[in-house]
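Here is how the chains run, residue by residue.
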Amino acid sequence: MFSKSKINEPGPKAAESSPAPAPESAPAPRSAESSGAAQKPKPSPSVLSSDLHITGNIKTTGDVQVEGTVEGDIRAHLLTVGESATIKGEVTADDVVINGRIVGRVRGLKVRLTSTARVEGDIIHKTIAIESGAHFEGSVQRQDDPLATGEGAKQAQGGGQAQGGGQAKAKPAQQQQGGGQGQKQGASS
């Protein structure tokens, strides 16, 4: 049992008794910190503002929101292309949301073209959504692993390819497995 006089007494006993309660209370905050580390808040996306012009490639494991102009390839986890943005190069991301303009190939597990999207290039995807009013010129190809690059990935996938130009006519946020307008061509391996 502790007495008031022992806590206030100077000497080795008081020094030994003081640190003892501190380690007992310290693990509680540490467990809260470790659970916080396990549930680390997702970092905010990197935003490239509308007055920014980048010449070169961008590679990140995080999220990127482009509002300016990029002349180069972009690789990210989630890529959001703003309405005022222009990208000239290949885009590769797990999730791609296009509101602006892309001139080049798009590779993504989930690709979404909103009504303001303007894409000139091929889209290789696992799932795609094309809203009414989106402008798309190129081909659409479904692959189970669209992020894999190289000729081996193309040969392994085979599958159909849709080509077309003009505006895609699709219901808003409708999931598509092929392309918009155009003739569907089968390719077999």
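The text that follows walks through the structure, step by step, so that each part is easy to find.

## Remarks on the overall build of the protein chain
Point 1. Secondary structure summary: the protein chain contains 5 helices and 16 strands in total.
Point 2. Within the protein chain, the proportion of its 189 residues that are buried is 33%.
Point 3. Of all intrachain contacts in the protein chain linking residues separated by at least 6 positions in sequence, the fraction that spans at least 24 positions is 20%.

## Digging into the environment of G72
Point 1. By the secondary structure assignment, G72 is in the loop between β5 (69-71) and β6 (74-81).
Point 2. C-alpha separation for the pair G72 and E90, spaced 18 residues apart in sequence, amounts to 7.1 Å.

## Structural notes on the pairing of β6
Point 1. The sheet contact formed by strand β3 (residues 58-59) and β6 spans 2 bridges and is parallel. Residue pairing across strands places K59 opposite R75, the latter belonging to β6.
Point 2. Of the pairings in the sheet, the one linking strand β4 (residues 63-66) to β6 comprises 4 bridges and is parallel in character. The residue bridging V66 from the neighbouring strand is V81, located in β6.

## Things to note about the side chain of T92
Point 1. Its place among the elements puts T92 in strand β8 (residues 91-98).
Point 2. Those residues in contact with T92, other than ones at most four positions away along the chain, are I74, R75, A76, R107 and L147.

## Thoughts on the pattern of salt bridges
Point 1. What the rule picks out here adds up to 4 salt bridges.
Point 2. Between R107 and E90 there is a salt bridge, with its nearest N and O atoms 3.1 Å apart. Here R107, found in strand β10 (residues 106-113), pairs with E90, found in the loop between β7 (86-88) and β8; they are 17 residues apart in sequence, far enough to count as distant.
Point 3. With its nearest N and O atoms 3.2 Å apart, the salt bridge here joins E120 to R101. Placement of the pair is E120 in strand β11 (residues 118-120) and R101 in strand β9 (residues 101-103), with a sequence separation of 19 residues.
Point 4. For E120, a relative accessible area of 33% corresponds to the partly exposed category.

## Some remarks on the pairing of β4
Point 1. Taken together, the 3 bridges between strand β1 (residues 46-48) and β4 define a ladder with parallel strand orientation. Looking at the pairing, V47 lines up with Q65 of β4.

## A word on the side chain of T86
Point 1. Topologically, T86 is positioned in strand β7.
Point 2. Judged by relative accessible area, T86 falls into the buried class, the value being 18%.
Point 3. Contacts of T86, omitting those with residues within four sequence positions, involve G68, T69, V70 and R101.

## What to know about the environment of E131
Point 1. Inspection of the secondary structure puts E131 in the loop between β12 (123-130) and β13 (135-142).
Point 2. Distance from E131 to S115, taken between C-alpha atoms, is 5.2 Å for residues 16 residues apart in sequence.
Point 3. Here the side chain of E131 touches R112 through a polar contact of 2.8 Å, side chain to side chain.

Thresholds, definitions, all that
Throughout this document, residue positions are counted from 1 along each chain, in the order its sequence is written. For this predicted model, a pLDDT threshold of at least 70 governs which residues receive local features, and a threshold of 80 or more governs which side-chain atom pairs are given and counted, while totals over whole chains, interfaces and linings are taken from all residues. Think of the side-chain values as coming from all heavy atoms in the structure, minus any hydrogens and water. Segments assigned H or I by DSSP are reported as helices when at least four residues long, segments assigned E as strands when at least two residues long, and all are numbered from the N terminus. Exposed residues in this analysis have more than 50% of their type's maximum accessible area, buried residues have under 20%, and partly exposed residues fall in between, with area computed by a 1.4 Å probe over protein chains only. We call two residues in contact whenever any of their non-hydrogen atoms come within 4.5 Å of each other. Should DSSP find at least two bridges between two strands, the strands are regarded as paired. In what follows, salt bridge is the name for a side-chain nitrogen of Lys or Arg lying within 4 Å of a carboxyl oxygen of Asp or Glu. Under the rule applied, a polar contact is a pair of N or O atoms within 3.5 Å (in protein, one hydrogen donor and one hydrogen acceptor; residues adjacent in sequence only if both atoms are side-chain atoms).

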